[in-house]
2 protein chains.
Amino acid sequence: MTSKDETIAARISRALAERIIAGTIAPGTRLRQDHVAAEFGASHVPVREAFRRLEAQGLAISEPRRGVRVAGFSLDEIREVAEMRAALEVLALRNAVPHLTKAVLDEAEEVNRAGERAKDVESWEDTNRTFHRLILTPCGMPRLLKTIDDLHTASARFLFSGWRAEWEAPTDRDHKAILAALRAGDGEMAASVLARHVQWPGHKGRK
Amino acid sequence: MTSKDETIAARISRALAERIIAGTIAPGTRLRQDHVAAEFGASHVPVREAFRRLEAQGLAISEPRRGVRVAGFSLDEIREVAEMRAALEVLALRNAVPHLTKAVLDEAEEVNRAGERAKDVESWEDTNRTFHRLILTPCGMPRLLKTIDDLHTASARFLFSGWRAEWEAPTDRDHKAILAALRAGDGEMAASVLARHVQWPGHKGRK
DNA sequence: TGTCGACAAATTATAGATAAAATAGCGAAT
DNA sequence: ATTCGCTATTTTATCTATAATTTGTCGACA
């Protein structure tokens, strides 16, 4: 088989997740297992398992005998995800501070510069996520990091949904401020900036 | 059929979760889908979906071609879950305060009293969870509440694992303090007590 | 005696097929 | 004309069977 040590269900799950995040599949769309199975050249059993993963990530909702639909999102949900991210990323950063090395900070700065050169939302989002992951991973709390990652993908959905056209590369002042505070050893300052920064992803007007 | 509008996969998932939490199945145990399927009188397809849910909850870990095992837990993980709960429950409580009614607080007080009369860890845990859910649900943030709920089940695992024998009904002073602060309208005080309260579940020695 | 290799058994993962349930469409009756 | 009920189609959920991968054991050779 052409499998690369990855289960088919996982591959389908990731592919669908990317589409949902990118907005290719509209919220509320019914995901029909047979159609998806046919498209990926698989049967619908792995498709079902992929649905469960999407459900766990909050990207889809499944009603008992009525199928699976792409999760919609309201303004309240955007706010909810933002607040959860703020709380958890601050927690992660506080635990990461003692383990942050200069090498990590340098790499984060480089990633940040790359983000400023990004020409579209997708690549900017990618560097943005990399930046956050870089400075948070040293906390060594896998469950926390996974939860944050799921929230980040949810944020990405919101980001891609509305400001695709009028998007422009933000200078990421917040990232710079966080790095500066971390280099100065002021973890609390970095945490408070991070909390504000995450609050409304992409809402430059509130900065 | 005896189905109560609940999918077989969901029923199996809940049954297994209860056993894992209760410690009936030891951490590291390999969950064999055929055995589980036979026990529940089902085939292994819904069992697989149940495994995915357990995996999402952090109760089991699945390695690509090597099966599913009950997740183990270290002291670091206990600490991690506790800190996540502290951060998220505080967030939920802050958002719930404006919507808290006297009726809810009265009910919470009643539940708390019932908890003090509990004779075993299981029933105490049940009332404990009910208490937390009662005062947090009014925040109206479904995703946050679900995440907290998953963390709570993880906490329950830890709680059941060690102190089963020498357990005694705690007077739940913290719960009372939280209720008192809420009745006085002091949401911040309630939040800070809650944060401390959640930090190390069951570790009375650190109070 | 220790290690390498191959064979066999067990188990997981996927595929194809079947049955149950819900929705939608159509018809008749009021 | 509208509403209620029935039938048919679509779709989900489960079961049985098959294929592939891994693990454990046995034997031979160095």
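Because the structure is predicted, anything quoted here is derived from the model rather than measured. In every chain, residue numbers begin from 1 and rise along the written sequence. A letter from A marks each chain and a number from 1 marks each ligand, given out in the order of writing. In keeping with the predicted nature of the model, local features appear solely for residues at pLDDT of at least 70, side-chain atom pairs appear and are counted solely at 80 or more, and the whole-chain, interface and lining totals rest on all residues. Note that water and hydrogens are dropped before the side-chain values are worked out from all heavy atoms of the structure.

(A) Fine view of the relation of the copies chain A and chain B. Mapping chain A onto chain B is achieved by rotating through 180° and translating by 0.1 Å along the same axis, at an RMSD of 0.1 Å. Taken together, the rotation angle and the small translation identify this as a two-fold axis. Contacts: residue pairs with any heavy atoms within 4.5 Å of one another. Mapped onto chain B, 100% of the interface residues of chain A again fall at the interface, so both copies present the same surface. The superposition of copies rests on a least-squares fit of C-alpha positions from residues with pLDDT of 70 or more in both.

(B) Representation of the protein's contact with DNA strand C in the model. In these notes, residues near a molecule or strand are those with any non-hydrogen atom within 4 Å of it. Taken together, 20 residues sit near DNA strand C, with His44 and Arg66 of chain A together with His44, Arg48 and Pro64 of chain B positioned nearest. Counting only the atoms of DNA strand C within 4 Å of the protein, the fraction contributed by sugar and phosphate is 68%. Residues adjacent in sequence count toward polar contacts only when both atoms are side-chain atoms; beyond that, a polar contact is any pair of N or O atoms within 3.5 Å, and within protein one must be able to donate a hydrogen and the other to accept it. Between DNA strand C and Ser43 of chain A, the relevant distance is 2.9 Å, taken from a phosphate oxygen to a main-chain nitrogen or oxygen of the residue. In this structure, His44 of chain A approaches DNA strand C through a side-chain N or O atom, which is 2.8 Å from a base nitrogen. Polar here means any residue outside two lists: the nonpolar Ala, Val, Leu, Ile, Met, Phe, Trp, Tyr, Cys and Pro, and the charged Asp, Glu, Lys and Arg; Gly therefore counts as polar. Split into classes, the residues belonging to the surface near DNA strand C amount to six nonpolar, seven polar and seven charged.

(C) Quick look at the protein's contact with DNA strand D. The immediate surroundings of DNA strand D are formed by 20 residues, with Arg48 and Pro64 of chain A together with Ile8, Ser43 and Arg66 of chain B found nearest. Backbone atoms, meaning sugar and phosphate, form 66% of the atoms of DNA strand D found within 4 Å of the protein. Between DNA strand D and His44 of chain B there is a distance of 3.2 Å, counted from a base nitrogen to a side-chain nitrogen or oxygen. One nitrogen or oxygen atom from the side chain of Arg66 of chain B is found 2.5 Å from a phosphate oxygen belonging to DNA strand D. For the purposes of this entry, the term helix denotes a DSSP run of H or I that reaches at least four residues, the term strand denotes a run of E that reaches at least two, and both are numbered from the N terminus. Mapped by element, the contributors of at least two residues to the surface near DNA strand D are helix 2 (33–40) and helix 3 (44–57) of chain A together with helix 3 (44–57) of chain B.

(D) Local environment of the interface of chain A and chain B. Taken together, the 26 residues of chain A in the interface contact 27 residues of chain B. Counting each side, the surface lost to burial between chain A and chain B is near 2500 Å², with a carbon and sulfur contribution of 59%. Here's the idea: put two parts together, see how much 1.4 Å probe accessible area each one loses, and the total over both is what we call buried area. When the area that chain A buries against chain B is broken down by residue, the three leading residues are Glu49, Glu80 and Arg143 of chain A, summing to 27%. Only one rule defines a salt bridge in this text: a Lys or Arg side-chain nitrogen within 4 Å of an Asp or Glu carboxyl oxygen. For the interface between chain A and chain B, the tally reads four salt bridges. The salt bridge partner of Arg52 of chain B is Glu49 of chain A, with a shortest N-O separation of 2.9 Å. If you look at where chain A meets chain B, you find ten residue pairs in polar contact (both at pLDDT 80 or more).

(E) Here's a closer look at the sheet that holds strand 2 (residues 60–63) of chain A. Residue and element names in this part refer to chain A. Taken in spatial order, the three strands make up an open sheet running 1-3-2, and their pairing is antiparallel. Of all strands in the sheet, those bounded by a partner on one side alone are strand 1 (30–31) and strand 2. In the sheet, strand 1 pairs with strand 3 (residues 67–70) via two bridges, with the strands oriented antiparallel. From the neighbouring strand, Leu31 faces strand 3, where its bridge partner is Val68. Contacts between helix 3 and the sheet are confined to strand 1, strand 2 and strand 3, with strand 2 contributing the most and set at about 115° to the helix. Strand pairing is assigned whenever DSSP identifies at least 2 bridges connecting the two strands. What counts as an axis is a line fitted to C-alpha atoms, over the stretch in contact for a helix, and the angles between N-to-C directions run from 0 to 180 degrees.

Note that every value here comes from positions in space, so none of it alone points to a role or purpose.
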